[in-house]
Amino acid sequence: MNDTPDAPPDITLKAINWNFYYGSNHALHDITMDIPRRQVTAFIGPSGCGKSTFLRCINRMNDLIDGVRAEGSLLLEDQELNSNDVDVIALRRRVGMVFQKSNPFPKSIYENVIYGLRIAGVNNKSVLDDTVERCLRKAALWDEVKDRLNHSALQLSGGQMQRLCIARCIAVNPDVILMDEPCSALDPLATSRVEDLIAELKQDFTIIIVTHNMQQAGRVSDLTAFFYMGKLIEMDKTQKLFTNPGKKQTEDYITGRFG
C-alpha cells in the first residue's frame with residue numbers, strides 16, 4: 001500500500017486536472033476528484049455531460065477510439081494510468097467493468113465466471129470450482145444456477161445475466177468495479193437485486209457507477225459527482241449533495257429544471 005501524499009490509503013483513485021479529447025472535441029475539462037476506497041461513488045448528469053467518458057478513462061477503454069488524447073494526471077493508487085508504460089490488460093484486471101447491456105459470453109455459466117482466470121493461465125480445477133461458487137454467491141446468483149453451471153449463460157434472464165457479469169468481473173479480484181448504467185435495461189425487481197448487490201460488494205471493492213437515475217444514486221452511493229458539459233460541477237456526500245447542493249447548477253439539475 002502506498003502512503004505518499006498523492007495516494008493515501010483511503011483513496012483508490014485520484015484525478016488531477018484531467019482533460020480528455022476526442023480529436024478536436026474537448027470532452028472533459030480539468031476534472032479533479034478523489035475516489036475513496038470501498039465506497040460507492042455515483043456519477044450523474046445529463047446525456048453527453050462526460051460521465052461515461054471519464055468512467056472509461058479509468059480502465060483505458062477510450063484507447064479503442066482513434067484520435068483520443070488526455071492531459072493531466074489519473075492515479076490508481078500510485079500508478080499513473082495515462083502512462084505509455086501501463087500494461088492495459090493488467091489494468092483491466094485491476095479495474096473491472098460492468099456494462100449497460102449485459103454481455104455474457106456464449107459459454108456455460110461456469111466458464112463465464114472463470115474466463116479471466118483461464119486467460120491468466122489458471123487451470124487448477126479446485127481453484128476454479130471454488131472461484132465459481134464464491135463469486136456466484138457474492139453476486140447473489142449461486143442458489144439460482146448451482147444446478148445448471150454447465151448450461152449456456154445465454155439462457156439466463158436479463159437480471160441474472162447482469163449478476164453473472166458482475167460475478168465474472170469480481171472473479172479476478174479487481175481493486176475497482178466500474179458500472180455504466182448497470183440497471184438501465186432491467187425491470188424494477190432485477191434493479192433492486194443489483195442495487196442490493198452493490199451495497200454488499202462495496203465491503204470488498206471500490207465501486208463507481210454512472211446512472212441517469214437520481215433515485216438510484218441516492219439509494220446506492222456514498223458520494224455523488226455531478227457532471228455538466230464535460231466539467232465536474234460538484235462532488236460531495238450523496239445526502240448533502242441531494243439535500244443541500246453547493247452549486248445552483250446542481251440544484252437545478254436535481255430538481256428537474258433541466259436535463
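Residues numbered from 1 in each chain as written. Predicted model: local features only at pLDDT ≥ 70, side-chain atom pairs only at ≥ 80, totals over all residues. Heavy atoms only, no water.

1. Brief notes about the packing of helix α5 (residues 125–138) against helix α7 (residues 158–170)
Next, step 1: It is the contact of α5 with α7, at a shortest axis distance of 8 Å, that shows an interaxial angle of 130°. Considering their axes alone, α5 and α7 lie oblique with respect to each other. Both α5 and α7 take part in a crossing whose hand is right-handed. Of the residues in α7, those in contact with C135, L136 and K138 of α5 are L164, A167 and I170.
Next, step 2: Of the residues belonging to the contact of α5 with α7, the class tally is 5 nonpolar, no polar and 1 charged. (Axes fitted to C-alpha atoms, helices over the stretch in contact; angles between N-to-C directions. Helix = DSSP H or I, 4+ residues; strand = E, 2+ residues; numbered from the N terminus. Parallel < 35°, antiparallel > 145°, perpendicular 65-115°, else oblique. Left-handed = near helix turned anticlockwise from the far one by under 90°. Contact = heavy atoms within 4.5 Å. Nonpolar A, V, L, I, M, F, W, Y, C, P; charged D, E, K, R; others polar.)

2. Structural notes on the pattern of salt bridges
Opposite charge on two side chains makes pairing possible when the charged atoms of those side chains draw close.
Next, step 1: The full count for this structure, using the stated rule, is 18 salt bridges.
Next, step 2: R60 is the salt-bridge partner of D63, the closest N and O atoms lying 2.6 Å from each other.
Next, step 3: Residue class for D63 comes out partly exposed when judged on its relative accessible area of 38%.
Next, step 4: Note that E71 and R69 form a salt bridge whose closest N and O atoms lie 3.0 Å from each other.
Next, step 5: According to the relative accessible area criterion, R69 is partly exposed, its value standing at 43%.
Next, step 6: Here the residues in one salt-bridge network are R37, E77, R94 and D175, joined through shared partners. (Salt bridge = Lys/Arg side-chain N within 4 Å of Asp/Glu carboxyl O. Buried < 20%, exposed > 50% of the residue type's maximum accessible area, 1.4 Å probe, protein only.)

3. Focus: the sheet that holds strand β10 (residues 231–237)
Sheet strands line up and pair through hydrogen bonds in the backbone, either parallel or antiparallel.
Next, step 1: Spatially, the 6 strands line up as an open sheet ordered β6-β7-β8-β3-β9-β10, and their pairing is mixed. One side of each edge strand has no neighbouring strand; the edge strands of this open sheet are β6 (95–98) and β10. Taking each pair of neighbouring strands and ignoring which way they run, the sheet shows an average axis angle of 20°.
Next, step 2: Summarising the sheet, strand β7 (residues 176–180) and strand β8 (residues 206–210) pair through 5 bridges and their orientation is parallel. Within β8, the residue paired with V176 across the bridge is T206.
Next, step 3: Sheet strands in contact with α7 are β6 and β7, and its direction is about 175° off that of β6. (Pairing = 2+ DSSP bridges.)

4. Some thoughts on the confidence of the model for the chain
Next, step 1: Summarising the model, the chain shows a mean pLDDT of 93, and 96% of its residues fall at 70 or more.
Next, step 2: When pLDDT is averaged over each helix and strand of the chain, the minimum, 91, is found for helix α2 (residues 88–94) and the maximum, 98, for strand β3 (residues 40–44).
Next, step 3: When the criterion is pLDDT under 50, residues 1–8 qualifies, and its contacts beyond four places in sequence or with other chains add up to 14 contacts. (pLDDT = per-residue confidence, 0-100.)

5. Considering the side chain of T224
Next, step 1: Within the secondary structure, T224 is located in strand β9 (residues 223–228).
Next, step 2: In terms of polar contacts, T224 uses its side chain to reach the side chain of S221, at 3.2 Å. (Polar contact = N/O pair within 3.5 Å; in protein donor to acceptor, adjacent residues only side chain to side chain.)

6. Examining the packing of α7 against helix α8 (residues 188–201)
Next, step 1: For the pair α7 and α8, interaxial distance at closest approach is 9 Å and the crossing angle is 20°. Classified by the interaxial angle, the pair formed by α7 and α8 is roughly parallel. Crossing hand, α7 versus α8: right-handed. Within the contact between the two elements, α7 uses G159, R163, I166 and I170 and α8 uses A190, R193, V194, L197 and L201.
Next, step 2: Tallied by class, the residues present in the contact of α7 with α8 amount to 6 nonpolar, 1 polar and 2 charged.

7. Quick notes on the sheet that holds strand β5 (residues 79–80)
Next, step 1: Strand order in the open sheet formed by 4 strands is β2-β1-β4-β5, and the pairing between neighbours is antiparallel. The sheet terminates laterally at β2 (25–36) and β5, the two strands that pair on one side only.
Next, step 2: Those strands touched by helix α1 (residues 51–58) are β1 (11–22), β2 and β4 (68–76), and its axis lies near 115° from that of β1.

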